[in-house]
Amino acid sequence: MRLRNIPGSREVIAENHWCIAETEDCKGKWRDIFGNDQPIHIEIGMGKGKFIMALAKQNPQINYVGIEKYSSVLLRGLQKMEEEPLENIRFVRMDAENICEMFDRNEVSRIYLNFSDPWPKDRHAKRRLTSRQFLLLYQKILSSSGLLEFKTDNIGLFDFSLEEVRESSWILQSFTRDLHHDENMNRGNIMTEYEEKFSAKGNPICKLVASLPDNVK
């Protein structure tokens, strides 16, 4: 999918109250940024922000950080935030592989991955956000009681993700291949833009929830 370039989007992002411009100053300092010691939940690949903004509105006792690599997409989220400001959310424009530069060990309580790029070619497997390479990065920032939640409509990516979780010795807490018909896992579910689009077409939504390996808790 080609993303339309929006002239000046990086400048707007850099000057926005809800967007972190100096990312090198964040690691270990999120309590100072938010002005409290509430748990931190992050979404990697937040898109236009519908999901994480809904969570932030529902849970003022939790701080949220939305991460998006494309300026033009992140700008849409910032525009929404101007309409309905929330002080328990911040945005960051960055690549996911740099996640450990943003967060310190045990600094994150939950990680959300929603409809991530499937990178369908085998040679690109390590770029998938549920690959063992990324799971190793998440281990370095997730708290001992933290959780990783992943949703997708891509069956191939979901099967790959289940295998990577097991091979990486993460603990698979629960999973479903039809979220919207799973009474337990669908309870309180917030749909993303893609989730609404794909489920409207009849595509079943898959979800897994995993926690850290015992040897790193």
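Reading the values: the criteria
- For every chain, the first residue of the written sequence is number 1, and numbering continues from 1 onward in sequence order.
- Only residues with pLDDT of at least 70 get local features here, since the model is predicted, and only at 80 or more are side-chain atom pairs given and counted; chain-wide, interface and lining totals rely on the full set of residues.
- The side-chain values count all of the structure's non-hydrogen atoms but skip hydrogen atoms and water molecules.
- Only centres within 6.5 Å qualify two rings of Phe, Tyr or Trp (six-membered ring in Trp) as a pair; their planes then separate them into stacked at under 30 degrees, edge-to-face at over 60, and tilted for everything else.
- Labels follow the DSSP assignment, with helices taken as runs of H or I lasting at least four residues and strands as runs of E lasting at least two, numbered in each case from the N terminus.
- By definition, being over a ring means that NZ of Lys or CZ of Arg is both within 6 Å of the ring centre and within 35 degrees of the ring normal.
- Each residue gets one of three labels from its accessible area relative to the maximum for its type: buried under 20%, exposed over 50%, partly exposed in between, using a 1.4 Å probe on protein chains only.
- Counting rule applied: Lys, Arg positive; Asp, Glu negative; His and chain ends not counted.
- Throughout this description, the term salt bridge denotes a Lys or Arg side-chain nitrogen within 4 Å of a carboxyl oxygen of Asp or Glu.
- Two N or O atoms form a polar contact when they lie within 3.5 Å of each other; inside protein one atom must be a possible hydrogen donor and the other a possible acceptor, and for residues adjacent in sequence the pair counts only when both atoms belong to side chains.
- Every residue pair with non-hydrogen atoms within 4.5 Å of one another is taken to be in contact.
- Paired strands, in this sense, are two strands between which DSSP finds at least two bridges.
- The axes used here are C-alpha line fits, helices contributing only the stretch in contact, and every angle between their N-to-C directions lies in the interval 0 to 180 degrees.
- Note on handedness: a clockwise path from strand one over the helix to strand two, with the strands aimed away from the viewer, defines a right-handed crossover.
- Nonpolar cores were defined as sets of buried Ala, Val, Leu, Ile, Met, Phe, Trp, Tyr and Cys residues, with membership established by side-chain atoms within 4.5 Å.

A. Structural detail: the packing of aromatic side chains. Applying the stated criterion to the full structure yields seven aromatic pairs. Ring centres 5.2 Å apart and planes at 70° place the aromatic pair Phe51 and Tyr112 in the edge-to-face group. Of this pair, Phe51 sits in helix H3 (residues 50-58) while Tyr112 sits in strand E4 (residues 108-114), placing them 61 residues apart in sequence. Here the aromatic residues Trp30, Phe34 and Phe103 are joined through ring pairs into a cluster of three or more. Positioned above the aromatic ring of Trp119 is the side chain of Arg127, whose terminal nitrogen or guanidinium carbon lies 4.8 Å from the ring centre. Here the basic side chain of Arg128 rests over the ring of Phe160, its NZ or CZ set 4.5 Å away from the ring centre.

B. Highlighting the side chain of Glu43. Take Glu43: it is sitting in strand E1 (residues 40-44). The side chain of Glu43 sits in the buried core without any salt bridge; Lys151 is the nearest counter-charge, 8.1 Å away. Engagement of the side chain of Glu43 in a polar contact is seen with the side chain of Asn114, the distance being 2.9 Å. Beyond its immediate chain neighbours, meaning those up to four positions away, Glu43 contacts Phe51, Ile52, Val65, Gly66, Ile67, Tyr112 and Asn114.

C. Quick peek at the sheet that holds strand E6 (residues 171-176). Taking strand neighbours across the sheet as the criterion, the seven strands line up as E3-E2-E1-E4-E5-E7-E6 in an open arrangement whose pairing is mixed. Either end of the sheet is taken by a strand with one partner, and the two such strands are strand E3 (89-93) and E6. Here the strands of the sheet are splayed against their neighbours by 15° on average, with no regard to which way each runs. Here six bridges tie E4 to strand E5 (residues 142-152), and the two strands are oriented parallel to one another. Opposite Ile111, over in E5, you have Leu148 as the bridge partner.

D. Structural context of the pairing of E4. Counting buried residues in E4 gives five out of seven residues, a clear majority hidden from the surface. Chirality of the crossover, the property in question, places the unit of E4, helix H5 (residues 132-139) and E5 among those that are right-handed.

E. Region of the structure containing H5. Residues of H5 that are buried: Phe134, Leu135, Leu137, Tyr138 and Gln139. Where the residues of H5 are buried, they touch E1, E4, E5 and helix H6 (155-167).

F. Summary view of the environment of Asp32. If you trace the backbone, Asp32 turns up in helix H2 (residues 30-34). By relative accessible area, which is 64% here, Asp32 ends up exposed. Separated by 66 residues in the primary sequence, Asp32 and Asn98 place their C-alpha atoms 21 Å from one another.

G. Local environment of unusual backbone geometry. Phi angles above zero are rare outside glycine, and Trp119 is one such case at about 40°. Using a relative accessible area of 25% as the deciding quantity, one classes Trp119 as partly exposed. One non-glycine residue, Ser169, lies in the positive phi region at around 65°. Mapped onto the secondary structure, Ser169 falls in the loop between H6 and E6. Taking relative accessible area as the criterion, Ser169 reaches 47% and is therefore assigned partly exposed.

H. Molecular detail of the nonpolar core. In this structure, Trp30, Ile42, Ile44, Phe103, Ile111 and Tyr138 are the most contacted members of the largest nonpolar core, which totals 39 residues. Listing elements by their share of this core, those giving two or more residues are H2, E1, strand E2 (63-68), E4, H5, E5, H6 and strand E7 (206-211). For this core, the element with the highest residue contribution is H6, accounting for five residues. Formed by 18 residues, the second largest nonpolar core is a distinct cluster that contains Met53, Leu74, Met81 and Leu86.

I. Structural view of the pattern of salt bridges. By the definition in use, this model includes 10 salt bridges. One salt bridge in this structure joins Glu193 and Lys80, with 3.2 Å as the shortest N-O distance. Separated by 113 residues along the polypeptide, Glu193 in helix H7 (residues 193-200) and Lys80 in helix H4 (residues 71-83) bring together distant segments of the chain. Between Arg132 and Glu164 there is a salt bridge, with the nearest N and O atoms lying 2.6 Å from each other. Of this pair, Arg132 sits in helix H5 while Glu164 sits in helix H6, placing them 32 residues apart in sequence.

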